[in-house]
Amino acid sequence: DTTVTVTPATLDFTAVPKNRNDLVTVPAGYTVTVLYRMGDPINASTPAFANDGSDSNFSTRAGDQHDGMSFFGLAATGATRDPSSSTRGLLALNHENIVETYLHPRGQTTTGGVRPEAEAIKEIEAHGVSVVEVTRGASAWSYVQASSLNRRITPNTPMVFNGPARGDVQLRTLYSKDGTQGRGTINNCANGAMPWGTYATAEENWAGYFRRDRGDAAVRTAAGRAKENTSLARYGIGEGRAGNYGWTTVTPADSSSTIFRKWNATATADAAPDGTADFRHEPFQYGWIVEIDPYNPQSTPRKRTALGRMNHEGVEPGRMIAGVKPAFYMGDDAQNEYIYKFVSNTPWTAADANAADRLATGDKYLDAGTLYVAKFNADGSGQWLPLTFNTGPLTSANATYPFADQADVLINCRIAADLVGATPMDRPEWTAVNPANGEMYCTLTNNSSRSPARTDAANPRSYVDPRTDGRSNSAGNVNGHVVRLRENGDTTEATAFTWDVYAFGAGSDLNKDNINLSGLDDTNDFSSPDGLWFSLPSNVAGQGANPVMWLQTDDGAFTDVTNNQMLAAIPGRVGDGGTKTVNNSTPAGTSTATTRVGKAPGATLKRFLVGPKECEITGITSTPDGKALFVNIQHPGETGGPDNITSNWPATQNGAAAPSSRPRSATIVITRQDGGLVGI
Ligand code: FEO
Ligand code: CA
Ligand code: CA
Ligand code: CA
């Protein structure tokens, strides 16, 4: 039996009230330290951040919009890994996107439809990933500005492709004519810490950055590659798109530079049909899980194609059991997309947790295996359906999309998942695994397109937000829910599972029969669950390990009541709450759905943190001793601009802030004033 013996902990804090303050609020007895802000320099020679739009050099500063994050322990000195260290380590974190307006003195500049090169460089480099050394001093945590281990990975950083799609024709571009290399990573959302000491980052809303002019589809069809049009459409890249931020309009001073041009996926009529003469295939180079060795700043990140191409939200390893093939759970965050797991071909060897060559260990576990997609049945059972070439409909004879090989299945795994009959979900965001029992949780953040006619047992709600606060996302599954599953036989190798809904998001004042189905109260009501992670702090009293689940929100439907928040939970088990019938009603129709629910959480779910104005709470990790919790505050004040600043955080965190102080995404660290475990 591999189940960890657990003495159930209780949540040892008083719930934070919902609020709309411009501040991170935590329970009494806890301290918030602002650790690593957008623009903070990561080497000795980069000047302090002026935060007035004049700064440049984002390749040596913290990027914007901090998201998924993991802590990697370091020995007391040098670059040696020490997974047990709780005093010195590397934080690897994503910079998902930018709040463009605050990056420049007066917001974006465009002259005659053309973006200035310097602005575009700043915007590009503010995306990507940071690796930054952090240490616990006598009184507080800080980041080490001059550490030689600090690194920025940007949308320009060279990468290699690994796994079955390496070298595939769809990955060939002018930059990499053999389809084995790529440049950069973008819109990095959630993450995963691989058990051998690497950081995995997920490319989510990459499609939005691409320009595709009208006429492109006809060129591809004439070149004999009409399938690419089917694929681009399925991934949201139709014709007539300019691409986010207009980077392709830049005329670079160095005319040989292609860092702007590569975002234009339009096929040129006289170029090579295999894509080696232009950037038509650049969209296929994105949408992957990327593995980074945080301990080696010179290492080249590897795009792991065996894990499929989608709007990757994150990648969470299941429990690692010697002799058992490990699983990695992933959400594809878009409306009515799917939940996936990758099962390695290679059973786990415990010694690999301390392997010297970490990326080679990634090759061993992440380059060969089976990608599955989830089907949820009404009776509380479910199947993992394999996305394997020549299995079921995934053949070269398929009329919808004739697959060429396994690489084609992985590059187009959304199309493959459609064909095998996976269950469309209410926007799968983070996945998390309970280390005590292996149960997998996935946040389904909300889905405005879930009509009553399309509800099912696993996505059972469709209603109109009774608060009618004028937000666009006010119908469908307004507040989201958290689904969880238990693998048959409690093994990562399982191809079937049972499931229930851990909790439904809702305001505590809403109808308990049809909306507030989990009976949330004033201490734990939430909406739009997104970030999700289990910590496993050892109990100081020697009672074993206590998994705590941390739930973060990214919401527009509840922000008339509270800023976004983070809750702590001590969850139960799949199947502990029985069944419930939901009666849905919107102007579009009515439906009834019977679903499986978890036990009402009550005092086992409690609000731990409320963020500043207009932020999202996303990204969480902890020291292994459970005494320092790192959390990211993303895009405070995002609707404002230089002339209309709508948040002054993080300057507000230590007292009064100047009204002219621009908001910055930042990593905070939360510690308990008595030095104890955070949360329990
Ligand atoms: Fe970047 Fe789905 O959140
Ligand atoms: Ca976000
Ligand atoms: Ca998210
Ligand atoms: Ca979200």
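Residues numbered from 1 in each chain as written. Chains lettered and ligands numbered in written order. Predicted model: local features only at pLDDT ≥ 70, side-chain atom pairs only at ≥ 80, totals over all residues.

Per an unreviewed UniProt entry, the chain goes by the name Phosphatase and belongs to Sphingomonas mucosissima.

Q: Could you give me a rundown of the overall build of the chain, with the residues and numbers involved?
A: Looking only at helices and strands, the chain has six helices and 34 strands in total. The C-alpha radius of gyration computed for the chain amounts to 24 Å, which stays within 12% of the reference 26 Å derived for 680 residues, consistent with globular compactness. Within the chain, contacts between residues separated by at least 24 positions form 68% of all contacts whose residues are at least 6 apart in sequence. (Helix = DSSP H or I, 4+ residues; strand = E, 2+ residues; numbered from the N terminus. Rg over C-alpha atoms; globule rule 2.2 N^0.38 Å. Contact = placed C-beta atoms within 7 Å.)

Q: Outline the sheet that holds strand β8 (residues 181–183), listing residues and values.
A: Strand order across the open sheet formed by six strands is β8-β7-β12-β11-β10-β9, with mixed pairing between neighbours. Across the chains shown, the open sheet's two edge strands, defined by having one partner strand only, are β8 and β9 (188–194). Shown here is a sheet whose adjacent strand axes are inclined to one another by a mean of 35 degrees, direction ignored. The sheet contact formed by strand β7 (residues 158–162) and β8 spans three bridges and is antiparallel. If you follow Met159 over to β8, its bridge partner there is Gly182. (Pairing = 2+ DSSP bridges. Axes fitted to C-alpha atoms, helices over the stretch in contact; angles between N-to-C directions.)

Q: With reference to specific residues and values, describe the sheet that holds strand β31 (residues 605–610).
A: Pairing in this open sheet of four strands is antiparallel, and the strands run β26-β27-β28-β31 from one edge to the other. Whereas interior strands pair on both sides, the edge strands pair on one side only; in this sheet they are β26 (529–535) and β31. Direction aside, neighbouring strands of the sheet carry axes that sit 25 degrees apart on average. Pairing analysis gives five bridges linking β26 to strand β27 (residues 548–553), with the strands arranged antiparallel. Within β27, the residue paired with Ser535 across the bridge is Val548.

Q: Any details on helix α1 (residues 117–125)? Residues and values, ideally.
A: A large share of α1 lies buried, amounting to seven of its nine residues. Residues Glu119, Ala120, Ile121, Lys122, Glu123, Ile124 and Glu125 constitute the buried set of α1. (Buried ≥ 20, exposed ≤ 12 C-beta atoms within 10 Å, placed from the backbone.)

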